[in-house]
Amino acid sequence: MPRAALDKDPRDVAAMFDAVAHRYDLTNDVISLGQDRAWRRATLAALGAERGETVLDLAAGTGTSSEPLADAGVHVVPCDLSTGMLRVGRRRRPDLPFVAGDALHLPFADESFDAVTMSFGLRNVSDVDAALRELLRVTRPGGRMVVCEFSRPTFAPFRTVYTNYLMRALPPVARAVSKEPDAYVYLAESIRSWPDQRELGLLVRDAGWDKVAFRNLSGGIVALHRATRP
């Protein structure tokens, strides 16, 4: 499989994730040293969804981020561009209403959700501003958004070590646990070229969101951005 170009054509991105869907969750556990689970728990805590609320989980993949919401009585809609990911998720959790959808053209009516969340997917869209505005469109006034995304470590010496890990160590590790290591080279490149915490916060604000704030996780490897629809 050719590595998806950094212009992030939706067809290439979908095909890339289709190819890794069957071992995606396992590979993430390995390459993040198990930290991905803690990051997802922090995202759910920041979202603060309550029983009976309706939540869009965009870039939900196989539904690992949607499951705890559903189990807590939240009406969660897992949505993803990759039909391969959705197939894996449906086999594991047939009770969840998985929906195929593009972040740039969400298949939902205006003001459909009390809250929206997106974990590790925003940097894979070709137009970040358009995706943030689509999330705004489908969120009810006063509703909230939480984006969990890779970011920039705040401690400079660690940032250098981390960047070297991404570009040198991650591909061999991915090769050991995945048959599609090129996908993880793409992911490493997309992380390295992604805006830092403050830059992303400005993009969120400029898209029309209010009360924008961020919180670093794991020293800034990941950042949670939280905002409210006016």
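Quick caveat: nothing in here was measured; it's all calculated off a predicted structure. Residue numbers here run from 1 along each chain, matching the order of that chain's written sequence. Confidence filtering applies because this is a predicted model: local features only for residues at pLDDT of at least 70, side-chain atom pairs given and counted only at 80 or more, and all residues used for totals across whole chains, interfaces and linings. No hydrogens and no water enter the side-chain calculation; it runs on all heavy atoms of the structure.

S.K.: Can you walk me through the UniProt feature "binding site: S-adenosyl-L-methionine" (unreviewed entry) in the protein chain in this structure?
M.R.: UniProt positions are given in the numbering used here, feature names are shortened, and annotations may be inferred rather than shown by experiment. Here, UniProt's "binding site: S-adenosyl-L-methionine" (unreviewed entry) annotation points to Thr62, Asp80, Asp102, Ala103 and Ser119. Positionally, Ala103 belongs in the loop between β3 (99-100) and β4 (113-119). The contact rule is simple, with two residues in contact once any of their heavy atoms fall within 4.5 Å. If we ignore the near neighbours within four places in the chain, the residues touching Ala103 are Leu58, Met118, Val125, Ala131 and Glu134. Counting from the N terminus, the helices are the DSSP runs of H or I reaching at least four residues and the strands are the DSSP runs of E reaching at least two. Inspection of the secondary structure puts Ser119 in strand β4. A relative accessible area of 6% means that Ser119 is categorised as buried. Among all residues touching Ser119, those that are not within four sequence positions of it are Arg40, Thr43, Leu58, Ala59 and Cys148. Per-residue accessibility, obtained with a 1.4 Å probe over protein chains only, is compared with the maximum for each type, and a residue is labelled buried under 20%, exposed over 50%, and partly exposed between these values.

S.K.: What's the story with the pairing of strand β6 (residues 210-217) in this structure? I'm lost.
M.R.: Regular strands place side chains that alternate from one sheet face to the opposite one. Here, any two strands with at least 2 DSSP bridges between them count as paired. In this sheet, strand β7 (residues 222-228) lies alongside β6 in antiparallel orientation, the contact comprising six bridges. If you follow Arg215 over to β7, its bridge partner there is Leu224.

S.K.: Any chance you could explain the environment of Leu56 here in plain terms?
M.R.: Tracing the sequence through the fold places Leu56 in strand β1 (residues 54-58). Residues Leu56 and Val77 lie 21 residues apart in sequence; the distance between their C-alpha atoms is 5.0 Å.

S.K.: Quick question: what am I supposed to make of the pattern of salt bridges here?
M.R.: Any carboxyl oxygen of Asp or Glu within 4 Å of a side-chain nitrogen of Lys or Arg constitutes a salt bridge here. What the rule picks out here adds up to 12 salt bridges. The closest approach of N and O atoms between Arg93 and Glu67, which form a salt bridge, is 3.5 Å. Taken together, the residues Arg93 in the loop between α5 (83-92) and β3 and Glu67 in helix α4 (residues 67-71) connect sequence positions 26 residues apart. By the burial criterion, Arg93 is buried, and Glu67 matches it. As a salt-bridge pair, Asp95 and Arg93 come within 2.8 Å of each other at their nearest N and O atoms. Residues joined in a network through salt bridges with shared partners are Glu67, Asp71, Arg92, Arg93 and Asp95.

S.K.: What exactly am I supposed to notice about the confidence of the model for the protein chain here?
M.R.: Residues shown with low pLDDT carry predicted positions that ought not to be read at fine detail. Per residue, pLDDT captures the predictor's confidence, and it can take any value from 0 to 100. Confidence along the protein chain averages 85 in pLDDT terms, with 76% of residues attaining 70 or more. Segment residues 1-6 is flagged for pLDDT under 50; beyond a separation of four residues in sequence, or across chains, it makes 17 contacts in the model.

S.K.: Can you walk me through the sheet that holds strand β5 (residues 139-150) in this structure?
M.R.: Two strands in a sheet stick together by hydrogen bonds in their backbones, pointing the same way (parallel) or opposite ways (antiparallel). Taken together, seven strands build an open sheet; the order of strands is β3-β2-β1-β4-β5-β7-β6 and the sheet is mixed. Single-partner strands in this sheet number two, and they are β3 and β6. Docked against the sheet, helix α6 (residues 128-138) engages β1, β4 and β5, running at close to 145 degrees with respect to β5. The axes are straight lines fitted to the C-alpha atoms, using for helices just the contacting stretch, and the angles between their N-to-C directions are given from 0 to 180°.

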